[in-house]
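# Observations on the three-dimensional arrangement
Now for the letters of each chain:
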Amino acid sequence: SNEVSVAGLRESLSKSHIELKDNIDSYEREKMWDMTFVDSDCDPPVVFSYGGWIGHVLVFLNHRRIACMMALSQIGVTGLAFFDPVDFSARNKPA
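Residues numbered from 1 in each chain as written. Predicted model: local features only at pLDDT ≥ 70, side-chain atom pairs only at ≥ 80, totals over all residues. Heavy atoms only, no water.

## Some points on unusual backbone geometry
Rule in force here: Each helix corresponds to a stretch of at least 4 residues labelled H or I by DSSP, and each strand to a stretch of at least 2 residues labelled E; elements are numbered beginning at the N terminus. Exposure classes here rest on a 1.4 Å probe applied to the protein chains alone. A residue is buried below 20% of its type maximum, exposed above 50%, and partly exposed in between.
In the segment running from D43 into P44, the intervening peptide bond is cis, with an omega of 5°. Along the chain, P44 turns up in the loop between strand 1 (36-39) and strand 2 (46-49). Its identity as a non-glycine residue notwithstanding, K31 has a phi of 55°, on the positive side. For K31, a relative accessible area of 58% translates into the label exposed.

Next up, the structure:
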């Protein structure tokens, strides 16, 4: 859906998440992390590794998420949490 609404954004995010997960599963199954591809959308075209591309997506996705949370906080939205995996692991560590 190209709908610009919370529901439309959630639907788009859900589809994107599934597609990204399927890609990562394929890269792992086929051991493609060091394999390269040419991104011809770049001008000039650029060569990337699949592992490097996933690293880029994760880093910049998180950067944008944090920037969005900070902007929401600045306009008074409260109750936001960063959900750092390190904190989650420490809280859920077996005794």
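## Quick look at helix 2 (residues 50-74)
The cut-off we apply is this: Here a helix's expected span is defined as the number of its residues, less one, multiplied by 1.5 Å.
The terminal C-alpha atoms of helix 2, which comprises 25 residues, lie 36 Å apart, in line with the 36 Å expected from a rise of 1.5 Å per residue. For helix 2, the complete set of buried residues consists of Y50, I54 and M69. Among the residues trailing helix 2, G76 stands out with phi positive, at a value near 100°.

## A few points about a nonpolar patch on the surface
We count it as follows: A patch is a set of surface residues, each over 30% in relative accessible area and not in a salt bridge, joined within 9 Å for like charges and within 5 Å for the nonpolar side chains Val, Leu, Ile, Met, Phe, Trp and Tyr. Areas reported as accessible are Shrake-Rupley estimates using a 1.4 Å probe. Residue values count occlusion only from the protein chains shown. A pairing counts as a salt bridge when a side-chain nitrogen of Lys or Arg comes within 4 Å of a carboxyl oxygen of Asp or Glu.
Together, L72, I75, V77 and L80 make up a nonpolar patch on the protein surface, roughly 330 Å² of accessible area in all. By the secondary structure assignment, I75 is in the loop between helix 2 and helix 3 (85-91).

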